Amino acid sequence: MTTTADPATRRPRIVTLTMNPALDVTTSVDTVRPTEKLRCSTTRYDPGGGGINVARVAQVLGASVFAVFPSGGSHGGLITRLLGDAGVPFAEIPIVGATRESFTVNETSTGQQYRFVLPGPALTVPEQHRCLRELRMAARSAEFVVASGSLPPGVPADFYQRVAEVCREVGVRLILDTSGGGLRHIASGVFLLKASVRELRECVGRELRAEADRFRAAHELIESGRAQVVVVSLGSQGALLATRHTSQRFPAVPMRGGSGVGAGDAMVAAITVGLCRGWPLVKSVRLGIAAGAAMLLTPGTAVCERADVERLFELAAEPQDERQPN
């Protein structure tokens, strides 16, 4: 295991866990055509994967962070070097498999974006246990753990429930942003769950076409004890916030175009930073919306700028309405 800082000494307030990190590769081409050789522009490389993205944005916003993730192969080595260059403290758990690559191509003639996401390496059981042990060590000095991203092959669907149990044992609040089986197998222990409409629909197993249906689904997760708070990201339409007693809708910050890559991770990072500052949930969600919007101003998977987040935060409106859950 490689670590750039001792979390117990540094005492980070936010620890992130990324079980399926990725080297994010971004390039552009005039037109995407089948079977032809496509001559691409200059390539950009960024350390990626949900929790790593959260750590990068949280650090930009001034928070004390520490990233935990498995890493293997040349892509894993480049991720650790890029994080080191960015000054993000981390603990790397060596694995036999090679860290995956995610590839984004921007088509300049149309403004369309094509994203290719690989499944990632299979993690052995001992490698999974080492990830949990490192998380436990780092989380002892933290206020929040953010577990974000997909689970790689070989990791059981209930892995994030094990993460929730670790967080409960060490007395730290868990913020979760995942999908698929990792989300469906959460039974308890999540402080704040962030989900897209698609992820929420997959979790409850039914269509959620109307806003009232989405609020109802979010409250079902709360009432069942799976999470205390649910934030539903709506992209260009804003976000929903559900707690045990309230349902609130937040409008988006008006933006013109741009790539939405990493916007959800930026939202999670900023919400967590706001809570670390002692802000109430409503104000923290507004900061999250501002950070998500700021990602539209960045190239590829580059991290947003703090000045942009603060400027857009001033434009982020209070919730438009508040209603009691049905």
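Residues numbered from 1 in each chain as written. Predicted model: local features only at pLDDT ≥ 70, side-chain atom pairs only at ≥ 80, totals over all residues. Heavy atoms only, no water.

In the nomenclature of an unreviewed UniProt entry, the chain corresponds to Putative ATP-dependent 6-phosphofructokinase isozyme 2 from the organism Mycobacterium shinjukuense. Regarding the chain, the relevant UniProt record gives this comment under Sequence similarities (unreviewed entry): "Belongs to the carbohydrate kinase PfkB family." (UniProt positions renumbered as here; feature names shortened; annotations may be inferred.)

Moving on, we come to the packing of aromatic side chains. This model, assessed by the stated rule, comprises five aromatic pairs. Ring plane angle 40° and centroid distance 5.6 Å describe the contact between F69 and F90, whose orientation is recorded as tilted. Taken together, the residues F69 in strand β5 (residues 65-71) and F90 in strand β6 (residues 90-94) connect sequence positions 21 residues apart. Note on accessibility: F69 and F90 belong to one class, buried. In this structure, R173 is placed above the aromatic ring of F191, and the distance from its NZ or CZ to the ring centre is 4.9 Å. (Phe/Tyr/Trp six-rings, centres within 6.5 Å; stacked < 30°, edge-to-face > 60°. Helix = DSSP H or I, 4+ residues; strand = E, 2+ residues; numbered from the N terminus. Buried < 20%, exposed > 50% of the residue type's maximum accessible area, 1.4 Å probe, protein only. Lys NZ or Arg CZ within 6 Å of the ring centre and 35° of its normal.)

Here we take up the pairing of β6. Along any regular strand the residues' side chains alternate between the sheet's two faces. In terms of residue burial, β6 counts as a mostly covered element, since four of its five residues are buried. Where β5 and β6 come together, five bridges link them in parallel fashion. Within the sheet, the bridge partner assigned to A67 lies in β6 and is F90. Once you follow β5 into helix α3 (residues 73-86) and on to β6, the crossover reads as right-handed. (Pairing = 2+ DSSP bridges. Right-handed = clockwise from strand over helix to strand, strands pointing away.)

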